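# Descriptive analysis of the structure
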2 protein chains.
Amino acid sequence: MTERAIEGVRVADGRFEGTSDKGETGEHGTLPIIFRITEATVLKPLAHGGDLGEVVRRFPNAPRPWLDLSTGINPVPYPVGALPDEAWARLPSRDDERALLTAAAKRYGVRDQATLLGVPGTQALIQLLPRLVPKSRVAVLGPTYEEHEVCWARQGHDVSVVDDVAHAASADVLVVVNPDNPTGRLLSAEELGRPSRLLVVDEAFIDFLPAAASLVSKLPPRTIVLRSFGKTYGLAGLRLGFGIAEPSLIARLREELGPWAVSGPGLAIGRRALADEAWLRTTAARLEHAGRRLDELLTAAGFTPVGATSLFRLVRHDDASAVVGRLGRQGIHVRPFSRQPQWLRFGLPGTDAAFLRLASALQEGVSLG
Amino acid sequence: MTERAIEGVRVADGRFEGTSDKGETGEHGTLPIIFRITEATVLKPLAHGGDLGEVVRRFPNAPRPWLDLSTGINPVPYPVGALPDEAWARLPSRDDERALLTAAAKRYGVRDQATLLGVPGTQALIQLLPRLVPKSRVAVLGPTYEEHEVCWARQGHDVSVVDDVAHAASADVLVVVNPDNPTGRLLSAEELGRPSRLLVVDEAFIDFLPAAASLVSKLPPRTIVLRSFGKTYGLAGLRLGFGIAEPSLIARLREELGPWAVSGPGLAIGRRALADEAWLRTTAARLEHAGRRLDELLTAAGFTPVGATSLFRLVRHDDASAVVGRLGRQGIHVRPFSRQPQWLRFGLPGTDAAFLRLASALQEGVSLG
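Residues numbered from 1 in each chain as written. Chains lettered and ligands numbered in written order. Predicted model: local features only at pLDDT ≥ 70, side-chain atom pairs only at ≥ 80, totals over all residues. Heavy atoms only, no water.

With that settled, consider helix α9 (residues 277-300) of chain B. Residue and element names in this part refer to chain B. Taking 1.5 Å as the rise per residue, α9 with 24 residues should run 34 Å; its terminal C-alpha atoms sit 35 Å apart, in good agreement. All of the buried residues in α9 are Trp279, Leu280, Thr283, Leu287, Ala290, Gly291, Leu294, Leu297 and Leu298. At the exit of α9 stands Gly302, carrying a positive phi of roughly 95 degrees. (Helix = DSSP H or I, 4+ residues; strand = E, 2+ residues; numbered from the N terminus. Expected span 1.5 Å × (residues − 1). Buried < 20%, exposed > 50% of the residue type's maximum accessible area, 1.4 Å probe, protein only.)

Following this line, the structure appears as structure tokens:
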């Protein structure tokens, strides 16, 4: 092999010499050699809803079990039932993957299965896409789910959060969560469209809106749609989601994710759940009822509605952080937002008992307030 | 935003114009605009063991169920048992991840938990590592599991397959499957070591060797060790594995994989199984017994031993492809190798009935041959 230039690294005597001290430094040896890994912007990990560990430690005397309303995950999961032994034991097969994609294509209105990819949660695509796109100007329509912004910034893109699509005119990539988490803002294909840029549409919360709200069936060029399974079906631990895009991009993403990306349980449960139209209809009605009940309860407790999807409500309160504390002391976890300190997001309580517990805690909050 | 150069792409009027025609071309529109995704070498997907679909179609009259001996996966899985509802329903929590890592650290002899990462199958790391390393000269010690070679080549590295570590002297990255799949070749830390390059050691089949065979406890600088969960525990569908490396690389890999990379069932089952020393001891004895029984059977049937690990045997036969056909017609799937046409890999039969079926099929093969 002849010596050749390697990006940012000079090779001499078969050893790496980093051209900067930003590379990975060995912690186990004393050699002056640095093995360099491509650079990435190091960012503070985001706080997410749904992780009770820290809040339980913060409120050690709160009554248990905790009522976690900090996510937009359906609180009444699809029944997992018994899985065939092979789902656990065998490597996921291509036939099983095709069966999952057939069910997903029907469910989501995908016309061409070559435009559809199953992934271990849409987060896998949120992480991967910024690595495949050359350094770009990226506009994220905000405020929204912060992982999009963070993942594009980590890979060195020039990221702006804009509050209107009109302000994204010069962007090469536009990222929109539609309907938005947490505001519920919903844009039409016409409002999103401009085929000269890459459009990433995260439709995590679209399942209970009319099919026409989704970009899937009329997939515009240079668009990738993300669809979440775990939120609607209440199975966030399973890690299952989908990407829908033109076949060349799907083929590339499939290669980058590699074989067996979706687990055996993911294939087995996903296939069954996505074909279960009766469950989805029942769930839609149940969620709508629960949403109205939550609206009444929050309005009565003095919150101002800001936005909503079928799986959560966003409200405003002048003293939101005090509300988080009051509810926390009563074992109820809701989602605050560091950038919008007056906002709170409430997931739907899943049972009558959960509704009554929230109502009682909110009343106590008001009387204490 | 000011206009700025983007790698390989000129931005003009807010539109992309690809500098080559290798980019992604829109299939849904007629616009002459090309949105470019970073280039990658397109490679034919690899054939893997463990996917019966194609072989079942090739031998439509074979007796069912098929006996799949085409993988190196333990045929007697760890008992999954009932999982807590939260493992499916909730987002995997950091506390649950820490519990998994604590069990894995104990099991694998990892001293510092900051050097350990759980992943959804080691394939996820095999895909990811080549994207994080600047373009390098990569030597893969072969013949071995081909995904390593393919994943490094896909990301544009200069990849050679070498048959001796001595021939990798000029490589910036050395990849070794240790013990090797399929040859069983086992190298010592001294044979592998030279801290000036990145060393990737895939220890997928090391679990039943003495702990000293692994690089984990004495982790050399600039080394990443991959440990597979699914093979030893017979749960390949679960998608669980681990990476062990210095803390700075582990932190970077953790960021690149993102939150919730390991599923709820993966956390729950992995944590339980990795702490179950009695099951592992029993399994080691059972596999050793099954391996000896398989050796006798293969030798009696005229195969020449080439190599072995505790989970498979590699043998040579002058007419290996005919053997694949004969066994296939009897519903038994074994693993051929396109580059070594005389080789066959046999996984371990999991039951007496499976052993008897294989013995009978091999005898018939001999009499037909």
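Below, the discussion takes up the packing of helix α4 (residues 123-132) of chain B against helix α5 (residues 147-154) of chain B. Residues and elements named next belong to chain B. Interaxial distance between α4 and α5 falls to 8 Å at its minimum, and their mutual angle equals 30 degrees. As judged from the angle between their axes, α4 and α5 are roughly parallel. Taken as a pair, α4 and α5 cross one another with a handedness that is right-handed. For the pair formed by α4 and α5, the contact residues are Gln123, Ile126, Gln127, Leu129 and Pro130 on the first element and Glu147, His148, Cys151, Trp152 and Arg154 on the second. By residue class, the composition of the contact of α4 with α5 is five nonpolar, three polar and two charged. (Axes fitted to C-alpha atoms, helices over the stretch in contact; angles between N-to-C directions. Parallel < 35°, antiparallel > 145°, perpendicular 65-115°, else oblique. Left-handed = near helix turned anticlockwise from the far one by under 90°. Contact = heavy atoms within 4.5 Å. Nonpolar A, V, L, I, M, F, W, Y, C, P; charged D, E, K, R; others polar.)

All names here are of chain B. Two numbers describe how helix α3 (residues 94-108) lies on helix α8 (residues 264-274): the axes approach to 8 Å, and their chain directions differ by 30 degrees. One finds that α3 runs roughly parallel with respect to α8. Between α3 and α8 lies a crossing whose hand is left-handed. Residues Asp96, Glu97, Ala99, Leu100, Ala103, Ala104, Arg107 and Tyr108 of α3 form the contact with α8, whose own contacting residues are Gly266, Leu267, Gly270, Arg271 and Leu274.

Time to look at the environment of Ala284 of chain B. Note that Ala284 of chain B resides in helix α9. C-alpha of Ala284 of chain B to C-alpha of Gln363 of chain B: the two residues are 79 residues apart in sequence and 29 Å apart in space.

Right, let's get into the environment of Val133 of chain B. Tracing the backbone shows Val133 of chain B in the loop between α4 and β5 (137-141). Residues Val133 of chain B and Val165 of chain B, 32 residues apart in the sequence, show an inter-C-alpha distance of 21 Å.

With that settled, consider the sheet that holds strand β12 (residues 312-316) of chain A. Residue and element names in this part refer to chain A. Strand order across the open sheet formed by four strands is β11-β12-β15-β14, with antiparallel pairing between neighbours. Looking at strand neighbours, the two that pair on one side only are β11 (304-309) and β14 (335-336), the edges of this open sheet. Examined bridge by bridge, β12 and strand β15 (residues 343-347) share five bridges and lie antiparallel to one another. Bridge pairing links Arg313 to Phe346 in β15. Across the sheet, helix α9 (residues 277-300) lies against β12 and β15, angled at about 15 degrees from β12, the strand it touches most. (Pairing = 2+ DSSP bridges.)

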